[in-house]
Amino acid sequence: GVGYMQIKRNVIFNKAGGNASKNSYTYKINLPADMVRELGVTEEDRSVTLTCENGILTIKKAPER
């Protein structure tokens, strides 16, 4: 793999629709293609696991079932 990569991104805030309260948002981050490839994520196998610990968000490829 490529090893270490770091990039700065802004979090995208979208008002939540449907039955959500008027102050509800959904949050998204666009990921660079190189990082998605490095994770091994594909259209057919796109599950990831998010872990947040001490203010550090980690995204890992979810183990295959």
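This text goes with the structure placed above it.
These numbers were taken from a predicted model, which means no experiment stands behind them. (Residues numbered from 1 in each chain as written. Predicted model: local features only at pLDDT ≥ 70, side-chain atom pairs only at ≥ 80, totals over all residues. Heavy atoms only, no water.)

*Asks:* Looking at this structure, how should I read the pattern of salt bridges?
*Replies:* If the charged atoms of two oppositely charged side chains come close together, the side chains can form a pair. With the rule as written, the count across this model stands at two salt bridges. Put simply, Asp34 and Arg37 hold a salt bridge, and the shortest N to O gap is 2.6 Å. In this pair, Asp34 and Arg37 both sit in helix 1 (residues 33-39), three residues apart, roughly one turn of the helix. Using a relative accessible area of 45% as the deciding quantity, one classes Asp34 as partly exposed. Between Asp45 and Lys61 there is a salt bridge; the shortest N-O distance is 2.9 Å. Taken together, the residues Asp45 in the loop between helix 1 and strand 3 (48-53) and Lys61 in strand 4 (residues 56-61) connect sequence positions 16 residues apart. (Salt bridge = Lys/Arg side-chain N within 4 Å of Asp/Glu carboxyl O. Helix = DSSP H or I, 4+ residues; strand = E, 2+ residues; numbered from the N terminus. Buried < 20%, exposed > 50% of the residue type's maximum accessible area, 1.4 Å probe, protein only.)

*Asks:* Looking at this model, I keep getting lost on the environment of Gly18. Mind explaining?
*Replies:* If you trace the backbone, Gly18 turns up in the loop between strand 1 (12-15) and strand 2 (25-28). Considered as a pair, Gly18 and Met5 are 13 residues apart in the sequence and their alpha carbons are 37 Å apart.

*Asks:* What should I look at first to understand the packing of aromatic side chains in this one?
*Replies:* Two aromatic rings are characterised by how far apart their centres lie and by the angle between their planes. Counted by the stated rule, this structure contains three aromatic pairs. Members of the aromatic cluster, connected to one another through ring pairs, are Phe13, Tyr25 and Tyr27. (Phe/Tyr/Trp six-rings, centres within 6.5 Å; stacked < 30°, edge-to-face > 60°.)

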